[in-house]
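# Residue-level structural notes
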Amino acid sequence: MGQIIREYTQLLPGSCRFEDTTCGYVSDPDRPSWTLNEEGHFITAESSSLDVKDKFVLVSPRLELLDWNCVRLVYQITGAGSLQLHLRPEGENFDFTLWTANKPSDSWLIASVDLPNTTKPYQLLMEGTPGQGEGNSLALFEIHIVPGYCIECNFEEHHLCGYNNQWNPNVNWYVGGSLARDPQSNLPDDHTMNNERGHYMYVDSVYAKRFQEVAKLSSPMTTTPMSGCLSFYYQRDQARGNFFSLFTKDELGHYEEIWRPDVYATSTWKLVQVDIKAPHPIEAVFEVAFNSARGGYVALDDISFSPQFCHQETEPIFDPSISDCDFEEGYCQYYQERIGGSVWNRVSVKPNVYRIGDHTTGTGSFLLANTRFTNRPGYVGRLHGPLLPENHKYCLRFYYTVHGFVKMDNALALYLYEENNVAQEKIWTISETSRDVWTEVDLTFQKPMPVKIVFVTICRNFWDCGLVALDDITVTLGDCQVAVGPLRPPTGQCNFELGDCGYIQEKNLHRHNWIRTRGQTPTSYTGPRGDHTLGVGYFMYIEASHMLSGHSAHLVTPELRGSDGPQCLSFFYHMYGSGTGLLSVLLHRLHHGTRPRHRDTLLWKRQGEQSISWMRAMIEYECRTRHQIVFEATRGPSIRSDIAIDDIVFKHGSCKDSGDSIPYSGFSENFNEIEY
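In every chain, residue numbers begin from 1 and rise along the written sequence. pLDDT decides what is reported in this predicted model: residues at 70 or higher carry local features, side-chain atom pairs at 80 or more are listed and counted, and totals for whole chains, interfaces and linings draw on all residues regardless. The side-chain figures draw on all heavy atoms in the structure; neither hydrogens nor water molecules are used.

In the annotation of an unreviewed UniProt entry, the protein chain is listed under the name MAM domain-containing protein and assigned to Denticeps clupeoides.

### Examining the overall build of the protein chain
Numbering of helices and strands starts at the N terminus; helices are DSSP runs of H or I of at least 4 residues and strands are runs of E of at least 2. Within the protein chain, the regular secondary structure consists of zero helices and 42 strands. Within the protein chain, the proportion of its 676 residues that are buried is 54%. For the protein chain, long-range pairs separated by at least 24 residues make up 80% of all intrachain contacts whose partners lie at least 6 apart in sequence. Summing over all exposed atoms, the protein chain offers an accessible surface of approximately 30,900 Å²; the carbon and sulfur share of this is 49%. Buried residues are those whose accessible area, probed at 1.4 Å on protein chains only, stays under 20% of the maximum for their type, while exposed residues exceed 50% and partly exposed ones sit between those limits. The contact criterion used throughout is that any non-hydrogen atoms of two residues lie within 4.5 Å. Note on areas: Shrake-Rupley with a 1.4 Å probe; residue coverage comes only from the protein chains shown.

### Topic: the sheet that holds strand β5 (residues 69-78)
Within the open sheet, the five strands sit side by side as β2-β3-β10-β5-β8. Their pairing is antiparallel. If you trace the sheet from one side to the other, it starts and ends with β2 (35-36) and β8 (109-115), each paired once. In short, DSSP must find at least two bridges between two strands for them to pair. Sheet topology note: the β5/β8 ladder contains seven bridges and is antiparallel. Residue Val-74 lies in a different strand from β8, and its bridge partner there is Ile-110.

### Considering the packing of aromatic side chains
Pairing of aromatic rings covers Phe, Tyr and Trp, the last counted by its six-membered ring, and requires centre-to-centre distances within 6.5 Å; plane angles under 30 degrees mean stacked, over 60 mean edge-to-face, and any other angle means tilted. Scanning all chains against the criterion turns up 32 aromatic pairs. Pairing Trp-34 with Phe-56 gives two aromatic rings, centres 6.4 Å apart and planes at 75°, and the pair type is edge-to-face. Of this pair, Trp-34 sits in the loop between β1 (26-27) and β2 while Phe-56 is found in strand β4 (residues 56-59), placing the two residues 22 residues apart along the sequence. The same class applies to Trp-34 and to Phe-56, which are both buried. Centroid distance Phe-247 to Tyr-255: 5.9 Å. Interplanar angle 85°. Geometry classified as edge-to-face. Taking relative accessible area as the criterion, Phe-247 reaches 16% and is therefore assigned buried. Judged by relative accessible area, which is 34%, Tyr-255 ranks as partly exposed. Among the aromatic side chains, those forming a connected cluster through ring pairs are Phe-232, Tyr-234, Phe-244, Trp-259 and Phe-286. Lysine NZ or arginine CZ positioned within 6 Å of the ring centre and within 35 degrees of the ring normal marks a charge as sitting over the ring. It is Arg-516 that lies over the ring of Tyr-538; its NZ or CZ is 3.8 Å from the centre.

### Overview of the environment of Ser-304
In this structure, Ser-304 sits in strand β20 (residues 297-306). A C-alpha to C-alpha distance of 5.1 Å links Ser-304 and Ser-231, two positions 73 residues apart in sequence. If sequence neighbours within four positions are ignored, Ser-304 has contacts with Glu-152, Cys-229, Leu-230 and Ser-231.

### Digging into the pairing of strand β19 (residues 282-290)
Taking burial as the measure, the nine residues of β19 include nine buried ones, the bulk of the element. Relative to β19, strand β16 (residues 242-250) runs antiparallel, the two being bridged by nine bridges. Note on β19: the bridge partner recorded for Thr-248 is Ala-284.

### Points about the sheet that holds β19
In spatial order, the strands read β11-β14-β19-β16-β17; together these five strands make up an open sheet with antiparallel pairing. Of all the strands in the sheet, the pair left with one neighbour each is β11 (164-166) and β17 (255-259). The average angle at which neighbouring strand axes cross in this sheet is 30°, direction not considered. Looking at chain direction, strand β14 (residues 213-218) and β19 are connected through six bridges and run antiparallel. The partner of Leu-217 across the bridge, within β19, is Phe-286. Simply put, an axis is a line fit to the C-alpha atoms, just over the touching stretch for a helix, and the angle between two N-to-C directions goes from 0 to 180 degrees.

### Examining the pattern of salt bridges
Pairing between side chains becomes possible if they bear opposite charge and their charged atoms approach one another. A pairing counts as a salt bridge when a side-chain nitrogen of Lys or Arg comes within 4 Å of a carboxyl oxygen of Asp or Glu. What the rule picks out here adds up to 15 salt bridges. With its nearest N and O atoms 2.5 Å apart, the salt bridge here joins Glu-90 to Arg-62. Within this pair, whereas Glu-90 is found in the loop between β6 (81-89) and β7 (96-101), its partner Arg-62 is found in the loop between β4 and β5, the two being separated by 28 residues in sequence. Between Asp-436 and Arg-529 there is a salt bridge, with its nearest N and O atoms 3.8 Å apart. In this pair, Asp-436 sits in the loop between β27 (423-429) and β28 (439-445) while Arg-529 sits in the loop between β34 (515-518) and β35 (538-542), placing the two residues 93 residues apart along the sequence. For Arg-529, a relative accessible area of 44% puts it in the partly exposed group. Where salt bridges share partners, they join Arg-62, Glu-64 and Glu-90 into one cluster.

### What to know about the state of the cysteines
Working definition of a disulfide: a covalent bond connecting the sulfur atoms of two cysteines. We call a pair of cysteine sulfur atoms a disulfide whenever their separation is within 2.5 Å. Throughout the structure, instances matching the rule amount to eight disulfides. Between the sulfur atoms of Cys-325 and its disulfide partner Cys-332 the distance amounts to 2.0 Å. The S-S bond linking Cys-325 to Cys-332 shows a torsion near 75°; that makes this disulfide right-handed. Using a relative accessible area of 4% as the deciding quantity, one classes Cys-325 as buried. Across the disulfide from Cys-568 sits Cys-655; the S-S distance is 2.1 Å. Between Cys-568 and Cys-655, the disulfide has an S-S torsion of 105° and is therefore right-handed. Here Cys-568, found in strand β37 (residues 567-575), pairs with Cys-655, found in the segment after β42 (643-652); they are 87 residues apart in sequence, far enough to count as distant. Note on Cys-655: relative accessible area 11%, which makes it buried.

### Regarding unusual backbone geometry
Phi at Leu-160 is positive, roughly 55°, even though this residue is not glycine. Mapped onto the elements of the fold, Leu-160 is located in the loop between β10 (137-147) and β11. Note on Leu-160: relative accessible area 16%, which makes it buried. Even without being glycine, Tyr-525 reaches a positive phi, approximately 60°.

### A short note on the nonpolar core
We call a set of buried Ala, Val, Leu, Ile, Met, Phe, Trp, Tyr and Cys residues a nonpolar core when their side-chain atoms join them within 4.5 Å. Ranked by size, the top nonpolar core spans 36 residues in total, and within it Phe-398 and Phe-455 carry the most contacts. Going through the elements one at a time, β23 (365-369), β24 (379-384), β25 (394-403), β26 (413-418), β28, β29 (451-459) and β30 (467-477) are the ones with two or more residues in this core. In this view, Phe-455 contacts Tyr-334, Trp-344, Gly-381, Arg-382, Leu-383, Phe-398, Leu-412, Ala-413, Leu-414, Leu-470 and Ile-473; residues no more than four positions away in its chain are not counted. Residues Cys-153, Leu-217, Ile-303 and Phe-305 belong to the second largest nonpolar core, which totals 33 residues.

Structure representation (structure tokens):
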């Protein structure tokens with residue numbers, strides 16, 4: 001096959017062509033082994049004839065590449081299967097997924113993945129999962145790690161840095177330059193080497209047949225947040241006969257034009273510098289359209305990137321977290337119109353079995369609108385957020401709950417207001433919903449003027465109105481469909497929305513299963529009404545009516561490698577019901593890949609009825625060796641003993657708070673006290 005990638009740039013440690021060695025890459029000893037081809041040139045993972053999915057893991061040597069680098073993979077998926085690239089930081093429990101591919105191809109493909117600058121050594125993992133049965137395989141031909149950003153390219157290598165031409169029958173981007181070109185051509189010399197031996201990309205109108213035929217050249221998709229200066233050189237001939245633009249394209253296929261030429265034809269290479277802000281993955285798309293076959297050509301070369309903005313007037317990326325508030329310490333930057341008394345008030349509820357507490361911890365503060373806070377039988381309550389700059393795409397998330405409303409029409413709505421307090425648009429209103437459940441809402445918006453979010457609740461008369469509450473407001477940049485959130489949880493988090501996260505059920509004669517479900521559990525007066533993540537999503541629980549008193553269920557995390565220093569485990573638990581039993585969290589240390597029956601370490605436990613709310617637990621522990629965490633739920637004396645868990649999060653470092661929510665036995669005299 002020969003060398004696929006002809007590199008003009010420095011190759012860094014971790015690069016490998018698999019000619020006759022694996023360059024220090026080794027197969028995980030607990031997994032099936034990758035096989036180096038007898039004649040060299042590539043390494044393969046092939047499925048067995050067994051009816052199981054084999055997972056092949058190839059681990060790099062320890063790498064100390066602290067600057068920003070780009071890894072380029074030449075690979076092929078034959079039949080069914082998937083290939084993933086993971087980053088394994090030294091001293092951390094979890095691997096971080098950088099890239100995934102699952103589409104089969106008839107030939108090798110190239111992927112470009114950014115490796116951001118870091119402060120600690122790491123390893124790279126190639127995880128291959130061929131489809132079940134024979135005839136499915138994965139192959140790795142080359143792994144090249146080079147300095148800089150994957151979006152950069154001088155087009156001197158065969159792989160073109162992973163840039164891709166979107167094929168069109170008549171107009172396409174081609175590689176220009178080299179000695180083999182037509183001597184009659186008016187195309188330029190390459191910019192990189194300033195001679196005929198160099199290469200660049202160009203698109204020519206000579207084959208254009210229809211009005212405004214378009215050629216598109218797309219960069220690799222960025223894989224990590226980036227902001228800074230994108231530079232490139234171009235030449236443009238017969239400019240009145242063509243249109244040349246640079247766009248960004250996100251994962252949802254949305255285009256945004258960020259540059260077009262301010263001059264017509266250029267007889268020499270012209271430098272362009274454009275500031276880009278990419279908090280989420282994007283492609284840079286160079287697009288040329290022709291009016292006719294006499295539209296000339298456009299040439300492109302030497303694309304580079306710098307993390308500093310090219311123009312001083314470019315403002316740094318706006319941090320929308322000024323709009324975040326969990327109301328634990330106050331109102332943050334939210335305020336209300338105080339006409340006729342304050343409608344929105346900050347309250348807290350002690351754990352009880354009648355009224356739910358806040359969403360953040362179960363025992364903290366939230367905002368509540370209620371007629372008892374006003375001096376009139378009806379009210380209009382407007383809660384204003386801080387001003388957000390124009391021309392940004394924002395993702396707003398918040399939680400609300402209602403109690404007792406007869407008519408829901410005006411219970412809660414969300415508006416965008418302009419700077420002068422004029423309502424610009426109503427973007428959401430409450431619909432018929434489950435009462436007494438914290439429900440998540442996410443909204444994406446973008447406006448050409450500065451706006452602020454305003455929550456509005458209206459009560460026309462005392463008899464129709466109940467309570468409406470708000471908590472945990474967050475605003476991030478980007479579309480909610482691509483921003484990190486409940487359906488795109490980061491590494492180390494499990495909310496059970498997309499499955500069981502690889503958690504394992506441990507069963508024996510007296511042990512039962514945890515059940516993944518949504519909505520209310522079957523037995524009355526026990527269990528949650530909805531999950532903690534969305535209000536309408538999934539959680540894990542034990543169904544006490546299927547178990548005998550004293551029987552238990554074990555839910556075990558996937559294997560954790562162990563880490564330097566403290567580790568913080570947080571999760572939400574629900575223990576409501578007069579017969580509630582025991583919930584324990586155990587640390588199990590692994591020895592040689594097995595789970596021997598020696599004593600596990602108890603990290604945390606709660607016994608008896610705790611609250612009708614989801615309560616937060618925070619556990620700080622240390623373990624430097626391979627281990628698992630076990631969630632053990634034990635049924636109490638009656639069927640009103642459902643126990644549930646949700647939103648499990650592992651984080652490296654100490655827990656920020658002093659510890660768990662206040663423990664309640666379930667039998668204190670003031671257990672059902674409600675305080676506003």
